[in-house]
Amino acid sequence: MRIFTAALATETNTFSPICVDRRAFEASLYAPPGEHPETPTLCSAPITVGRRLAAEHGFTLIEGTAAWADPAGLVNRLTYEGLRDEILDQLHAALPVDAVVLGLHGAMVADGYEDTEGDFLARVRDIVGPDILVCAELDPHSHLTAKRLAAADFFVYFKEFPHTDFVDRAEDLWRIALDTLAGRIKPVMSVFDCRMIDVYPTSRDPMRSFVDKIMRMEAEDPDILSISVVHGFMAGDVPEMGTKMVVLTDGKPGKGAVLARELGLELFAKRGTFIMPQIDEQEAVSRALAATSGPVVIADVWDNPGGGTAGDATVLLAELLARGAKDTAVGTIWDPMAVQICMAAGEGAEIGLRFGAKSGPGTGNPIDGIVQIVKLVRNAEMRFGESYAPFGDAAHIRLQGIDIILNSTRAQSFDPSLFSVMGIDPTSKKILVIKSTNHFYASFAPIASEILYCSAGTPYPNNPARTAYRRAPRDIWPMVENPHGTERGAA
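Bear in mind the structure is a predicted one, so any value in this text is a computation, not a measurement. (Residues numbered from 1 in each chain as written. Predicted model: local features only at pLDDT ≥ 70, side-chain atom pairs only at ≥ 80, totals over all residues. Heavy atoms only, no water.)

Peer 1: I'm lost on the sheet that holds strand β15 (residues 402-407) in this one. Help?
Peer 2: Each strand in a sheet pairs with its neighbour through backbone hydrogen bonds, running either in the same direction (parallel) or in the opposite one (antiparallel). In spatial order, the strands read β12-β13-β14-β15-β11-β16-β10-β17; together these eight strands make up an open sheet with mixed pairing. Every other strand in the sheet has two partners, leaving β12 (350-355) and β17 (450-454) as the edge strands with one partner each. Averaged over all neighbouring strand pairs, the angle between strand axes comes to 30°, with direction disregarded. Pairing analysis gives five bridges linking strand β10 (residues 296-300) to β17, with the strands arranged parallel. (Pairing = 2+ DSSP bridges. Helix = DSSP H or I, 4+ residues; strand = E, 2+ residues; numbered from the N terminus. Axes fitted to C-alpha atoms, helices over the stretch in contact; angles between N-to-C directions.)

Peer 1: Sorry if this is basic, but what is going on with the UniProt feature "domain: Microcystin LR degradation protein MlrC C-terminal" (unreviewed entry) in the protein chain here?
Peer 2: Within this numbering scheme, the UniProt entry marks residues 298-471 as carrying the feature "domain: Microcystin LR degradation protein MlrC C-terminal" (unreviewed entry). As annotated, residues 298-471 comprises 15% helix and 36% strand, and the C-alpha atoms at either end are separated by 34 Å. (UniProt positions renumbered as here; feature names shortened; annotations may be inferred.)

Peer 1: Looking at this model, I keep getting lost on helix α9 (residues 281-290). Mind explaining?
Peer 2: For an α-helix the count is 3.6 residues per turn, leaving residues at separations of three or four pointing the same way. Buried within α9 are the following residues: E281, A284, V285 and A288. All buried residues of α9 project into a common sector of 95° when viewed along the axis, lining one side. Check the buried side of α9 and you find it contacts β10, α10 (315-322), β16 (431-434) and β17. (Buried < 20%, exposed > 50% of the residue type's maximum accessible area, 1.4 Å probe, protein only. Arc of directions from axis to C-beta. Contact = heavy atoms within 4.5 Å.)

Peer 1: Any chance you could explain the sheet that holds strand β2 (residues 29-31) here in plain terms?
Peer 2: In space, the six strands of this open sheet follow the order β2-β3-β1-β4-β5-β6, with mixed pairing throughout. Whereas interior strands pair on both sides, the edge strands pair on one side only; in this sheet they are β2 and β6 (154-157). Recorded for the sheet is a direction-independent mean angle of 20° between the axes of neighbouring strands. Where β2 lies against strand β3 (residues 60-68), three bridges are found, and the strand directions are antiparallel.

Peer 1: What's the story with the pattern of salt bridges in this structure? I'm lost.
Peer 2: Two side chains that carry opposite charge are able to pair once their charged atoms sit near each other. The full count for this structure, using the stated rule, is 39 salt bridges. Close ionic contact of D300 with K435 constitutes a salt bridge, the shortest N to O distance being 2.9 Å. Pair noted here: D300 is in strand β10 and K435 is in the loop between β16 and α13 (441-444), with a separation of 135 residues, a long-range link. Since its relative accessible area comes to 2%, D300 is described here as buried. Close ionic contact of D303 with K435 constitutes a salt bridge, the shortest N to O distance being 2.7 Å. Highlighted residues: D303 in the loop between β10 and α10 and K435 in the loop between β16 and α13, separated in sequence by 132 residues. Classification of D303 as buried rests on a relative accessible area of 0%. Here K435 falls in the buried class, since its relative accessible area comes to 3%. Here the salt bridges share partners, and the residues they tie into one network are R84, D85, D119 and R123. (Salt bridge = Lys/Arg side-chain N within 4 Å of Asp/Glu carboxyl O.)

Peer 1: Got a minute to help me understand the packing of aromatic side chains in this structure?
Peer 2: For any pair of aromatic rings, geometry is given as the distance between the ring centres together with the angle between the planes. Enumeration according to the criterion identifies 13 aromatic pairs in this entry. Ring plane angle 75° and centroid distance 6.3 Å describe the contact between F155 and Y157, whose orientation is recorded as edge-to-face. Exposure class is identical for F155 and Y157. Each is buried. Measuring from ring centre to ring centre gives 6.4 Å for F419 and F444, while their planes differ by 90°; the resulting arrangement is edge-to-face. Of this pair, F419 sits in helix α12 (residues 417-420) while F444 sits in helix α13, and the two are 25 residues apart along the sequence. (Phe/Tyr/Trp six-rings, centres within 6.5 Å; stacked < 30°, edge-to-face > 60°.)

Peer 1: What exactly am I supposed to notice about unusual backbone geometry here?
Peer 2: Only a minority of non-glycine residues have a phi that is not negative, and only a minority of peptide bonds are not trans. Here the bond from L95 into P96 is cis, since omega is 0°, no more than 30 degrees from zero. With respect to the helices and strands, P96 occurs in the loop between α3 (77-94) and β4 (99-104). That bond from W477 to P478 is cis: its omega, 10°, falls within 30 degrees of zero. Structurally, P478 is set in the segment after β17. Even without glycine at this site, D327 takes up a positive phi of about 50°. Turning to its location among the elements, D327 is positioned in the loop between α10 and β11 (328-334). With relative accessibility at 45%, the residue D327 sits in the partly exposed group. Backbone geometry places N379, a non-glycine residue, at a positive phi of 50°.

Next up, the structure:
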């Protein structure tokens, strides 16, 4: 048995000013056939899990290229076409194959390709024909389109947000694929459009209970192979943006359709209650300064590079400086030019430096001051679950008693190792400022005395009811109050 695997992924915030070219993939992950590291990135777990299963079960795994770029704006057309065609040529060369198992994201948008994953999957299908199994693991912050459904046999999405389960879901993907190839099951996808867009952190209720419920259903009902919530990605201005329910059954499309609808309407009935309460930068700093123990973690939720922003907003830092905060560390502010200046000056130097707030309106103002360069690290990395996330050449600077990490590769704050690799003990600080919506939670919660979710500035289009969409549907919640009318569960 011969199975082809590859990965091509990024998350596109169509409002972001940061465009993606090939260098962005090479900075995050570009691994030609056979060169993927042993640890997976967020969307390449099908490759590493496939390696292990091939050794265990004795099938031949043909690896194609794995490419991942950290979330940003529009992908350069030649970059997408080049990476796509590189993988498609590898697939051609691997024929005949019994299956294609892919790692995708699901929210990539390239110049000239509104539905890149749909384009890629359709071309894969054209190469292998109608009878060869094609499946993929995807991020739930994505778009599910008719073109993708027509091209693939089945999809499995991460269930957790933060995405701590991407390896587990790759295991699910391979289990279903191998059972299908062995003739033990016949997977069928059923989809329900929830006609809404929201944010669904699984670290708190009601989404925690909802995910626990669907996992119990998978375990208890042999007809159910997988249940996924496609959260949707509100910063992707595309026609099929929105939340979907996907139920994968063993040859029971009717049962799957009924269940997808019931679960989708249950989700819709809880609209607006999922996202964590947020406070502005003034309240966040006041509460952190008043805390009697630390570290208090302030999450700058809307300047999250994991959602495609630049990660260079200074609104929170400016408030901390104005209030004379001490025992504080900020990780990170993206400013490659400032990092280069620090690298040239060297550790221990004191220099005048302007940094931050270069990417666009809503990010605050650049910070000016005499800074001490405490530590410099080339090609810095932090942990993210079983993997590592690069944040590039980085500088630990100190300004008015506040420790600040400047980075050259945009990355959200996944793990406290972000600070420790830069010479900062995160547990010794009273206040930690990080840039992430929720991926930080699993690793920062154990060390935090309190977590504050802060909405500071407007670097990200975070209110769909007011976002100036040009292509996204306007007949979904919260653009309209109840697109399902009087259907049961939609009240």
